[in-house]
Amino acid sequence: MRSEFWLERWRSGQIGWHQVDVNRWLAKHWPALGLESDCPVFVPLCGKSLDMAWLRALGHRVIGVELAEVAVRSFFEEAGTPFKVFNTPGDMPRFSSGGIHIYCGDYLELSAAHLEAAPGAFDRGALVALPAEQRAVYADHVQRILPVGAQVLLITLDYDQERAPGPPFAVSEAEVQALYGTRCRIRQLDSSRTGELPPHFLECGIEAAEEGIYLVTKLD
C-alpha cells in the first residue's frame, strides 16, 4: 500500500478509522504498563488521534509520527493549540506544542534518537493499517528503535480477510506472536467482539470482528 493511498484518503476526508473519542482500551489498560507519568511515549501512525491528548493529560511527553501533513495540522488546529514546526537538515519536520511532538513523514525514517528512549508506546491503528508484507517491515523497525524494556499496548482486529479488503487488515494472535515473539514477551490483556466496523465491512457481510489487546515488552 503506497504512501499516495493514505495521502489521498486524508485529502478527501475518507478517514473512517479516526475515532472521535479516546480509545476505550487505552483508558482501561494503559495503567498496566506502570510508567512514570512524565516519561515520553510513542504513538506510531498517529493521524489526529485524540489518544495523544489523553496521554499528554497524564503528563507524558507524546511523540507521534504521521505521513500526512494535513492530519498533523488538523490535530493541533482542532484542539485550538498553536504549534511550531522545527526543521532539521536531513530530518523530518517536527510539529510541536504543549508537550506533543509529531514527526511528519515515513515511519521508516524514525530512529531511536527520535523516540527519546520512550519506555511506552500505543499502537491502535498502525499495525492493522498495513498489508501483510508491510506489517513485517513495520514491526521489525519498531522493535529496532524502541529501547530494551519498552512496552507497547497493541490493539488488533481479526476477521475473515477473504470476505473484506483492508484497511483495517486482519491481524490474528498467531501473527502477533510471529511478528514480535522472537524479541518480545507478549501477554494478551483482553479481547472483545466489536461491531464498530468500516461501512465496506458491512457491505461484505461482516457485522462483527474480534479485537485483541496485547502488552508487548521488548526483551532485547
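Residues numbered from 1 in each chain as written. Predicted model: local features only at pLDDT ≥ 70, side-chain atom pairs only at ≥ 80, totals over all residues. Heavy atoms only, no water.

## Quick look at the overall build of the chain
Here is step 1 of the chain: When you go through the chain residue by residue, the secondary structure sums to eight helices and nine strands.
Here is step 2 of the chain: Its C-alpha atoms give the chain a radius of gyration of 17 Å, within 12% of the compact-globule value 17 Å for 220 residues.
Here is step 3 of the chain: On the principal axes, the C-alpha backbone points of the chain span a range of 45 × 40 × 30 Å.
Here is step 4 of the chain: For the chain, the proportion of its 220 residues judged to be buried stands at 49%.
Here is step 5 of the chain: Considering only contacts in the chain between residues 6 or more positions apart, those separated by 24 or more positions represent 68%.
Here is step 6 of the chain: Carbon and sulfur atoms provide 52% of the accessible area of the chain, an area that totals close to 10,400 Å².
Here is step 7 of the chain: Taking the average place of the 20 positive charges on the side chains of the chain and the average place of its 29 negative ones, the gap between the two points comes to 4 Å. (Helix = DSSP H or I, 4+ residues; strand = E, 2+ residues; numbered from the N terminus. Rg over C-alpha atoms; globule rule 2.2 N^0.38 Å. Buried < 20%, exposed > 50% of the residue type's maximum accessible area, 1.4 Å probe, protein only. Contact = heavy atoms within 4.5 Å. Areas by Shrake-Rupley, 256 points an atom, 1.4 Å probe, with all protein chains shown as cover. Lys, Arg positive; Asp, Glu negative; His and termini not counted. Charge placed at Lys NZ, Arg CZ, Asp CG, Glu CD.)

## Concerning the sheet that holds strand β7 (residues 151-158)
Here is step 1 of the chain: The nine strands lie next to each other as β3-β4-β5-β2-β1-β6-β7-β9-β8, forming an open sheet whose pairing is mixed. Each edge of the open sheet carries a strand with a single partner, namely β3 (84-86) and β8 (184-194). Within this sheet the neighbouring strands show an average axis-to-axis angle of 20°, counted without direction.
Here is step 2 of the chain: As paired elements, strand β4 (residues 94-97) and strand β5 (residues 100-104) share four bridges and run antiparallel to each other. Across the sheet, Arg-94 pairs through a bridge with Tyr-103, a residue of β5.
Here is step 3 of the chain: Helix α7 (residues 173-180) rests against β7, β8 and β9 (209-218) of the sheet, and its axis sits at about 155° to β8. (Pairing = 2+ DSSP bridges. Axes fitted to C-alpha atoms, helices over the stretch in contact; angles between N-to-C directions.)

## Considerations on helix α6 (residues 132-145)
Here is step 1 of the chain: Under the 1.5 Å per step criterion, the end-to-end length of α6 is 21 Å for 14 residues, consistent within 8% with the ideal 20 Å.
Here is step 2 of the chain: Check the buried side of α6 and you find it contacts α5 (112-115), β6 (120-123), α7, β8 and β9. (Expected span 1.5 Å × (residues − 1).)

## Focus on empty space enclosed by the protein
Here is step 1 of the chain: By the definition in use, this model includes two cavities of 30 Å³ or more.
Here is step 2 of the chain: A volume near 60 Å³ is recorded for the largest cavity.
Here is step 3 of the chain: Residue lining of the largest cavity: Phe-42, Pro-44, Ala-121, Asp-123, Tyr-138, Val-142, Val-152, Tyr-180 and Val-216, and that is the complete set.
Here is step 4 of the chain: Of all the elements in the fold, those that place two or more residues in the lining of the largest cavity are β6 and α6.
Here is step 5 of the chain: Its boundaries defined by the atoms lining it, the second largest cavity holds a volume of some 50 Å³.
Here is step 6 of the chain: Every residue lining the second largest cavity is listed: Val-142, Gln-143, Leu-146, Ala-150, Val-152, Tyr-180, Cys-184, Val-216 and Lys-218.
Here is step 7 of the chain: Those elements that place two or more of their residues in the lining of the second largest cavity are α6 and β9.
Here is step 8 of the chain: Tallied by class, residues from the lining of the second largest cavity come to seven nonpolar, one polar and one charged. (1 Å grid on protein atoms, 1.4 Å probe; cavity = no way out; pocket = protein on both sides within 12 Å on 5 of 7 lines; lining within 4 Å. Points joined across faces, edges and corners; volume = space filled by probe spheres on them. Nonpolar A, V, L, I, M, F, W, Y, C, P; charged D, E, K, R; others polar.)

## Here we look at the nonpolar core
Nonpolar side chains tend toward joint burial in soluble globular proteins.
Here is step 1 of the chain: Counting 30 residues, the largest nonpolar core has Phe-42, Leu-110, Tyr-138, Leu-154, Tyr-180 and Val-216 as its most contacted members.
Here is step 2 of the chain: For this core, the elements supplying multiple residues, two or more each, are β2 (61-66), α6, β7, α7, β8 and β9.
Here is step 3 of the chain: Looking at this core, the element that brings in the most residues is α6, giving four residues.
Here is step 4 of the chain: If we skip the residues at most four places from it in the chain, Phe-42 touches Ile-63, Val-65, Leu-110, Leu-115, Ala-118, Gly-120, Ala-121, Phe-122 and Leu-146.
Here is step 5 of the chain: Counting residues in each nonpolar core, the second largest holds 24 residues, with Leu-33, Cys-104, Leu-153 and Ile-213 among its members. (Core = buried A, V, L, I, M, F, W, Y, C linked by side-chain atoms within 4.5 Å.)

## Section: the pairing of strand β1 (residues 40-43)
Here is step 1 of the chain: What you see with β1 is no split at all: Pro-40 and Phe-42 on one side and Val-41 and Val-43 on the other are buried throughout.
Here is step 2 of the chain: Note that β1 and β2 share four bridges and pair parallel. Opposite Phe-42, over in β2, you have Ile-63 as the bridge partner.

## A few points about the environment of Ser-37
Here is step 1 of the chain: Structurally, Ser-37 can be placed in the loop between α2 (24-29) and β1.
Here is step 2 of the chain: Judged by its relative accessible area of 43%, Ser-37 falls in the partly exposed class.
Here is step 3 of the chain: For the pair Ser-37 and Val-85, spaced 48 residues apart in the sequence, the C-alpha separation amounts to 26 Å.
Here is step 4 of the chain: The contact partners of Ser-37, leaving out residues within four places of it in the chain, are Leu-58, Gly-59 and His-60.

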